[in-house]
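Each chain, written out:
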Amino acid sequence: MLALTLVLAVQSFAPPVTQADSQAILNRARAAQAAFERTRRDHLHAVFGGSSGPCDERVGNHCFTYGNPNDVWNPPKESDEVLMARDSLITLLSTAARVLPTNEWLAGQRVRYMVEEHATSSARAAAGDCRPARAWWCEALVGYAAHAAEDYVAAEAAYDRALARMEGGQRCQWTNITLLLPHAPRDGYRDLDCRQRDSVERRFWWLADPLYLTPGNERRSEHFSRLVHVRFEQDAPSVSPDSWKDFLAPWLIRYGRPAGWERIARPSPSAGVSLETVTHYQGPTFVFEPRWPAIRRLDSIAPETLLLQPEAARTSYLPTYAARFDSLRYQVALFRSSRGAAVVVAYDLSSDSLPADAHALSGLFLQRNELADPVSLRVEQPAAGVLRLAAPEHGALLSLEAMALDGKRAGRVRYWLPITRRDPGTLSLSDILLLSRGEPLPQTLDQATPLARRNTAARRGETVGLYWEVYGSVGEAVPLTVSLTLFKEEAGWLRRAARAVGLAAKERPRVSLGWKQASRAGEATPGAIALDLAGNRPGRYTLRLQVTDPAGRMAETQRDLTIVENDGVKR
């Protein structure tokens, strides 16, 4: 009844609208919003809980706990009273916005609650109604609604238009990533002016993009959407306590819009039982932002550098296209020929809930830097598969990615792949490619590629096939001396440290093989062997391959291999 009265009151103002009329409409709209937030707060799901435990961060009198990064808090279903109250509020805000189309507060709150209600089509239409259409805030609302609709290309384009229309100081505040880059040296980012920061921010967002497979950069548009939501919250009542307002912006920027709230009833010595509002953020926690060393030197990025689930994560984001985001089990091998380089990758995204033959989109990307065009391959194929890509003869950031088309799972591995131009006069070796079977052995890279093992693990007692190529033989064919050894990595940090400084005893090979092989004049010489692992216990090993020609030139390469009782792959 209250909402209907408010709507009729707004509709009673016929153009022209006086300043007093406008203020009356805004006062009623703000009162309606306050009433809705009270209704939402009064109908929060209540549970009885004990002590909240230690605080990982304390802000004012508020306690923040990182919790388990794998925990997923599912918000309880909203009550019918809250749903009806939000519908009434949206109706009121829409009516008011038609009378006052240039009012930024009305335009923003209208889009906000439509997105909250998952009415993304309505939200995009409402953002388009914002006037003046070329104002930066209207463009930001278009970006917010497009991001909520998972149209990340449109969202980024709208945010770029918004940034272009901001004044310099405001644009500088919106593009500032200090909260997302806490360990950057002062002279590396924080002391730079806005123009100088551009190059750092461009590289940061390139590396922060969760998947190059998906159009647009969803992490970047998420960041700007969080800034829009900060503006929503700063001029409106909230479920959270009023004392939280002063600290709101950093937390929204770091962790995004809350997933929901609960009221926790806790024992209180003075009051018997006290009610505490707890804000829950989205989980599980994934971190896509790179740290400063990765931005400063791309060639420092190793597979373990860009961790997706670090402990005590200072930021959090989960793309909407996957319920779970993980690192991939994978294998990468680089091959060379007179025509250039080729990268062969094998990957496995499968799990207990995702079979290896599930439909997936996979991709391989090689990109020298954020300004260069990537060399890439995208293909629909099973969740465990193989890709092969012709590569430029220079180092590049490699991103191997896979995404289940049913939305259950996505994964990636991303690191710097050093590629140098091959000297035809130098004896050299490709990487060792682990094969999924030992027999029959391939004689060419074309035959070996589909046989690539989907990871670098093998079961105890298994026979593993290996494939490689030798380069640098010129003129006539010559005999090559080939040796293959398998070393076990000893456990214990003290032994590893001693080996690192050369104090450990000489490694004893667990397998040592040697043979002669004729080279192919002027061509890559393929090599392959079946390796029986029956006598080797589970653990981490290193395969070392050495080739020597009659002139005494030697080339060496190695591959890590893990032997397990069960590799976890369904066969």
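Computed from a predicted structure; not experimentally measured.

## Comments concerning the overall build of the chain
When you go through the chain residue by residue, the secondary structure sums to 15 helices and 22 strands. Counting across all 571 residues of the chain, residues that qualify as buried make up 49%. A sequence separation of at least 24 residues applies to 70% of the contacts in the chain between residues at least 6 apart.

## A few points about the sheet that holds strand 11 (residues 384-391)
Here we have 3 strands laid out as an open sheet, ordered 7-8-11, and antiparallel in their pairing. Both outer strands of the open sheet, strand 7 (329-337) and strand 11, are each paired with one neighbouring strand and no more. For this sheet, the mean angle separating the axes of adjacent strands, direction not counted, is 15°. Where strand 8 (residues 340-348) meets strand 11, 8 bridges bridge the pair, whose relative direction is antiparallel. When the sheet's bridge partners are listed, Ala-342 is paired in strand 11 with Ala-390.

## Regarding helix 4 (residues 104-116)
Taking 1.5 Å per residue, 13 residues should reach 18 Å; helix 4 reaches 18 Å between its end C-alpha atoms and fits that length. Most of helix 4 is tucked away: 12 of the 13 residues are buried. Every buried residue of helix 4 is accounted for by Trp-105, Leu-106, Ala-107, Gly-108, Gln-109, Arg-110, Val-111, Arg-112, Tyr-113, Met-114, Val-115 and Glu-116. At the N-terminal end of helix 4, a side-chain oxygen is found 3.1 Å from the backbone nitrogen of Trp-105, two or three residues along, and the residue is Asn-103.

## As for the pattern of salt bridges
According to the stated counting rule, one finds 32 salt bridges in the structure shown. Two residues, Arg-324 and Asp-326, come together in a salt bridge whose shortest N-O distance is 3.1 Å. According to the relative accessible area criterion, Arg-324 is partly exposed, its value standing at 25%. With a shortest N-O distance of 2.9 Å, Glu-393 and Arg-421 are connected by a salt bridge. Taken together, the residues Glu-393 in the loop between strand 11 and strand 12 (396-404) and Arg-421 in the loop between strand 13 (410-417) and strand 14 (428-429) connect sequence positions 28 residues apart. Several salt bridges converge on common partners, so that one network encompasses Glu-37, Arg-40, Glu-78, Arg-86, Arg-112, Glu-116 and Glu-233.

## Examining helix 7 (residues 152-165)
Compared with the 20 Å implied by 1.5 Å per residue over 14 residues, the 20 Å span of helix 7 between its first and last C-alpha is a close match. Those residues of helix 7 not exposed but buried are Tyr-152, Ala-155, Glu-156, Ala-158, Tyr-159, Ala-162 and Leu-163. Down the axis of helix 7, the buried side of the element spans an arc of 165°, and every buried residue falls inside it. Buried residues in helix 7 make contact with helix 6 (136-148), helix 8 (168-175) and helix 11 (218-234).

## Let's talk about the state of the cysteines
Tallied over the entire structure, the rule returns 2 disulfides. For Cys-172, the disulfide goes to Cys-194, at an S-S distance of 1.8 Å. Taken together, the positions of Cys-172 in helix 8 and Cys-194 in helix 10 (residues 194-208) put the pair 22 residues apart, joining distant regions of the chain.

## Re the sheet that holds strand 9 (residues 359-367)
Spatial ordering of the open sheet is given by 6-13-12-9-10, a layout of 5 strands whose pairing is mixed. On the outer flanks of this sheet lie strand 6 (325-327) and strand 10 (375-382), each paired with one strand and no other. Across the sheet, the axes of successive neighbouring strands diverge by a mean angle of 20°, strand direction being ignored.

## Quick look at unusual backbone geometry
Negative phi characterises most residues that are not glycine, and trans characterises most peptide bonds. Cis geometry marks the peptide bond from Arg-131 to Pro-132; its omega dihedral reads 0°. Locating Pro-132 in the fold gives a position in the loop between helix 5 (120-129) and helix 6. That bond from Glu-439 to Pro-440 is cis: its omega, -10°, falls within 30 degrees of zero. Mapping Pro-440 onto the fold places it in the loop between strand 15 (433-435) and helix 14 (445-448). Within the chain, Glu-150 stands out as a residue other than glycine whose phi angle is a positive 65°. Considering the arrangement of structural elements, one finds Glu-150 in the loop between helix 6 and helix 7.

## Quick word on the packing of helix 4 against helix 5
Contact geometry of helix 4 with helix 5 gives a least axis separation of 8 Å together with a crossing angle of 170°. On the basis of their axis angle, the class for helix 4 and helix 5 is roughly antiparallel. Together, Arg-110, Val-111, Met-114 and Val-115 of helix 4 and Ser-122, Ala-123, Ala-126, Ala-127 and Asp-129 of helix 5 make up the contact between the two elements.

## Things to note about the confidence of the model for the chain
In the predicted model, the chain carries a mean pLDDT of 87, and 86% of its residues have values of at least 70. Ranking the elements of the chain by mean pLDDT puts helix 1 (residues 2-11) last with 48 and strand 15 first with 98. Confidence drops under pLDDT 50 across residues 6-10; counting only partners more than four residues distant or on other chains, this segment forms 12 contacts.

## Focus on the packing of aromatic side chains
One pass over the structure, following the stated rule, counts 16 aromatic pairs. Consider the rings of Trp-136 and Trp-137, whose centres lie 5.6 Å apart with planes at 70°: the pair is edge-to-face. The burial state of Trp-136 is the same as that of Trp-137; both residues are buried. Ring geometry for Phe-335 versus Tyr-467: centroids 6.0 Å apart, planes at 40°, classification tilted. Of this pair, Phe-335 sits in strand 7 while Tyr-467 sits in strand 17 (residues 463-471), and the two are 132 residues apart along the sequence. Counting every residue linked through ring pairs, the aromatic cluster contains Trp-136, Trp-137, Tyr-144, Tyr-159, Trp-174, Phe-224 and Phe-232. The residue whose ring lies beneath Arg-30 is Trp-105, and the NZ or CZ to ring-centre distance is 4.4 Å. The lysine or arginine in question, Arg-197, covers the ring of Tyr-189, its NZ or CZ lying 4.7 Å from the ring centre.

## With respect to the environment of Thr-305
Checked against the element boundaries, Thr-305 lands in the loop between helix 13 (292-296) and strand 6. On the basis of relative accessibility, which here comes to 35%, the residue Thr-305 falls in the partly exposed class. It is 8.6 Å that separates the C-alpha atoms of Thr-305 and Arg-291, two residues lying 14 residues apart in sequence. Ignoring anything within four residues of it in the chain, the contact list for Thr-305 reads Ala-294 and Ser-300.

The rules behind each value
Residues numbered from 1 in each chain as written. Predicted model: local features only at pLDDT ≥ 70, side-chain atom pairs only at ≥ 80, totals over all residues. Heavy atoms only, no water. Helix = DSSP H or I, 4+ residues; strand = E, 2+ residues; numbered from the N terminus. Buried < 20%, exposed > 50% of the residue type's maximum accessible area, 1.4 Å probe, protein only. Contact = heavy atoms within 4.5 Å. Pairing = 2+ DSSP bridges. Axes fitted to C-alpha atoms, helices over the stretch in contact; angles between N-to-C directions. Expected span 1.5 Å × (residues − 1). Polar contact = N/O pair within 3.5 Å; in protein donor to acceptor, adjacent residues only side chain to side chain. Salt bridge = Lys/Arg side-chain N within 4 Å of Asp/Glu carboxyl O. Arc of directions from axis to C-beta. Disulfide = S-S within 2.5 Å. Parallel < 35°, antiparallel > 145°, perpendicular 65-115°, else oblique. pLDDT = per-residue confidence, 0-100. Phe/Tyr/Trp six-rings, centres within 6.5 Å; stacked < 30°, edge-to-face > 60°. Lys NZ or Arg CZ within 6 Å of the ring centre and 35° of its normal.

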